[in-house]
Structures are given as C-alpha cells and as structure tokens.
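# Close look at the chain arrangement
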Amino acid sequence: MYAKPHIRELAPYIPGFQPAADQQVIKLNSNENPYPPSPRVQKALQTFDYSLLRRYPNATAEYVREELASLYNVKPSQVFCGNGSDEIIALLFKAFLPEESTIVLPYPTYSLYKTAARIHRVHSEFVATYADFRVDIEALLAVPSEAIILVNPNAPTGLLLPVESVTELARRYKGLLIIDEAYIDFADGAATALPLIHEHPNVIVIRTLSKSYSLCGIRFGYAFANADLIQSLDKCKDSYNVSMLTQTIAAAALRDQSYLAGTVRRLKESRRELIGQLRCLGYSAPDSQANFVLCTPPASRGLTARQITARLAEQHVYIRYFDSPLLEDKLRISIGTEEENECLLQLLRSM
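The text that follows walks through the structure, step by step, so that each part is easy to find. Quick caveat, the model's predicted, so the values are computed rather than measured.

## Side note on the nonpolar core
Judged by nonpolar contacts, the single largest core of 78 residues is most densely connected at Val 64, Leu 68, Tyr 213, Phe 220, Leu 278, Ile 333 and Leu 344. Counting residues per element, this core draws most heavily on helix α10 (residues 257–280), which supplies six residues. Apart from residues no more than four positions distant in its own chain, Phe 220 is found in contact with Val 64, Leu 68, Cys 81, Gly 82, Gly 84, Thr 208, Leu 209, Ser 210, Val 242, Thr 246 and Ala 250. Counting residues in each nonpolar core, the second largest holds 27 residues, with Leu 91, Leu 176, Ile 178 and Ile 206 among its members.

See the structure below:
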C-alpha cells in the first residue's frame, strides 16, 4: 500500500529459472557460459587477504577501470564500472532520461529496458524489426526520442546489426545512443561499436563479464563513453557500488585474454554444431552471433514450443520460452557443453 501507484502496477522483469545450487540439471535458459572462469580467478580468491573485507572497496573500481582502459585502448575517464550491467541500465535512466521522455527500441529485444523505463516513468516506443528479426535503423530514427537502445547482438534473436549500420545510426542520431554489447565477444569478425565513442559524444557502449567471462555470479558490468557521460554516471552511482571481491575477480579475469579466447572459440564450435543438428531435426534455426540460439520447432512434430519447454523441464533440462508476440512459437536455447547439447538433442529427437 506504500508503493508509488506506477510501481504497484508494474509488471516485473522475470529472469530465467534458477534451480537450487546443489540440484543436478542441464541449465540452458539464462545464457550463462557452460565453462568455468579463468584459473586466475580461482588463484585470486585463494590468495585474497580476507582481513581487507573490513574496509570499504575502492569507490570507483579504479584499478579495474585502468585494466579495461589498457585492454580496449581508451582512457580510464572513458570507463565506468557497475554492479552488473543491470545497475548501469538503471543509472542511464537516472542520469540522462527525465520523466515522460521517450526511448525507442527494436522489438523483440531485452525486456529489462522496458521494466527500467517504467520504473523511471519513461515511455518505451518499440518499432518492428524486419520479418527475419533484422533491426530496421530507419524505423528507429523515425520515432522522436531522447534515446535509442540497441542490444547488439540482439537478445533474444542472436542477430547482429553490422557495425556499418550502427555507425550510420550514430552519425544521424542526436539523442543518447545506448549500445548493449553483452554478447559481443561471441560475434564473428569486427562487430563492436566501441570506436564510435571517440567520434560521437552521445554514444555509450555497455558490456558485462557475465557471459563470455563466465562470471554471472560476481555481478560486474562496465561501460565506455565520452568522459562527460561517464562523469554523470559516477555522480549517480552508489558510494561503493562494486564490492572488493568483485573488483579482485574482475581484474584477474580481464588479465587472462588467452583463456577468454579459448572459451569463446569452443563455444562458437558448439554453437555451429547445435544449430546444424537442430536443422536436421526440422527446426528453423537461424545463425546466431550470441551464446544462444532462437529456434522454431517444426509443426510436423505436433508439439508447441511451450510444450517442449515443459517436457524438457520434467527431465531437468531447462531452456527459455517467451509468451510474447512473435516469440510464442519459439525456443531460446543457451549453448551448453558438448555433453549438455547432446543430451538436449537426444531428448528432442525422442519427442
């Protein structure tokens, strides 16, 4: 009864099902990396001086910003570190988007943006993608707005808008252009929009260690932008928004780029194999540039996407079903280990 009226009416964001930690399952519903983090993470934890936990962490995650700046050839003043990219998303609304302003997004895309917009009383305007889910930049530009949000590669489609198109969008758009690159490490070729921050003061690029670095559990996100935009985010963040342990683990993982490359290469190979096998079963499975596949079951098998999801869950295999327009006949499957993917395929073959 004490919540604001618009919060009482808010439909919350629903994350993927999380089983108990000790439950033996095949979990392909949250786009988590199936492989463990870098061994350097384990070493950092083993050598961490726990007595330091009595102190506050570095307020700006300074040494992680410096690590990211060196890795991506930017200045530390162009880097922001957050408690997961979810915190950064919330801060974008807090810092830059006043009540009753408008954001424009393609549909479908990551639904947390709509939830965050409603919390901050910002209007979300969704524009249709093409029939094959490719993003239409002309449609994005046609809607008057204060910000355009582009998840690239997109979720849940796994499709990548070519960097040339993103560059064109940045050149023509005058509002805030937010590019969420949570899955960019899984894309093929030169795909990142990061160089645009040097040419366009309105561009902000969001990344995370959750996906490619296998670190969902530490909640660490980061963003690159013009120093003025970063300064505004710093003004709005909590005093100590990134824990000491998170900073320690993040820095260790970032220093092991060879491990990252090996994990990503292995996952891409599994992705290619899984898509091929799904197609052999009659599924429509477009190529993906992320660590998941959005596919459509064949009608000939007589089971809906919802029914397949339920039957797999009975066998403790979890994938993602979206009861949403244009997605209700589809399944989103995160790429697992070779063994997990084969178990999934065996169950699908038996249906």
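## Observations regarding helix α11 (residues 305–314)
Along α11, the residues that are buried comprise Ala 305, Ile 308, Thr 309 and Leu 312. For α11, the angular spread of buried residues about the axis comes to 100°, placing them on one side. Positive backbone phi, approximately 65°, marks His 316, located one or two places after α11.

## Describing the side chain of Lys 237
Within the secondary structure layout, Lys 237 lies in the loop between α8 (227–236) and α9 (244–254). For the buried residue Lys 237, which engages in no salt bridge, the nearest side chain bearing the opposite charge is Asp 234, 5.3 Å off. A polar side-chain atom of Lys 237 sits 3.0 Å from the main-chain carbonyl oxygen of Ser 239. Setting aside residues no more than four positions away along its own chain, Lys 237 makes contact with Ala 59, Phe 80, Glu 87 and Leu 91.

## Quick word on the pairing of strand β9 (residues 292–295)
The two faces of β9 match: Phe 292 and Leu 294 on one face and Val 293 and Cys 295 on the other face are all buried. Bridge count between β9 and strand β11 (residues 331–334): four bridges; the pairing is antiparallel. Across the sheet, residue Cys 295 finds its bridge partner in β11, namely Leu 331.

## Describing the environment of Arg 272
Note that Arg 272 resides in helix α10. As a C-alpha pair, Arg 272 and Leu 91 span 181 residues in sequence and 36 Å in three-dimensional space.

## Some remarks on the side chain of Ser 212
Along the chain, the position of Ser 212 falls in the loop between β7 (203–208) and β8 (221–225). Judged by its relative accessible area of 3%, Ser 212 is buried. Within the structure, Ser 212 has its side chain in polar contact with the side chain of Asp 185 (distance 2.6 Å). Those residues in contact with Ser 212, other than ones at most four positions away along the chain, are Asn 33, Asp 185, Phe 186, Leu 260, Thr 263 and Val 264.

## Observations concerning a nonpolar patch on the surface
Among the surface-exposed residues, Leu 45, Tyr 50, Leu 53 and Leu 245 lie close enough to one another that they form a single nonpolar patch of about 420 Å² accessible area. Using a relative accessible area of 32% as the deciding quantity, one classes Leu 245 as partly exposed.

## Some details on the pairing of β7
Most of β7 sits inside the fold, with six of its six residues counted as buried. Of the two faces of β7, the one holding Val 203, Val 205 and Arg 207 and the one holding Ile 204, Ile 206 and Thr 208 are both buried throughout. Of the pairings in the sheet, the one linking strand β6 (residues 176–180) to β7 comprises four bridges and is parallel in character. Its bridge partner lying in β7, Asp 180 is registered against Ile 206. One ladder, built from five bridges, connects β7 with β8; its direction is antiparallel.

Cut-offs used in this document
Residues numbered from 1 in each chain as written. Predicted model: local features only at pLDDT ≥ 70, side-chain atom pairs only at ≥ 80, totals over all residues. Heavy atoms only, no water. Core = buried A, V, L, I, M, F, W, Y, C linked by side-chain atoms within 4.5 Å. Buried < 20%, exposed > 50% of the residue type's maximum accessible area, 1.4 Å probe, protein only. Helix = DSSP H or I, 4+ residues; strand = E, 2+ residues; numbered from the N terminus. Contact = heavy atoms within 4.5 Å. Arc of directions from axis to C-beta. Lys, Arg positive; Asp, Glu negative; His and termini not counted. Salt bridge = Lys/Arg side-chain N within 4 Å of Asp/Glu carboxyl O. Polar contact = N/O pair within 3.5 Å; in protein donor to acceptor, adjacent residues only side chain to side chain. Pairing = 2+ DSSP bridges. Patch = residues over 30% accessible without salt bridge, like charges linked within 9 Å, V, L, I, M, F, W, Y side chains within 5 Å. Areas by Shrake-Rupley, 256 points an atom, 1.4 Å probe, with all protein chains shown as cover.

Geometric descriptors of this kind do not, in isolation, establish any biological role.
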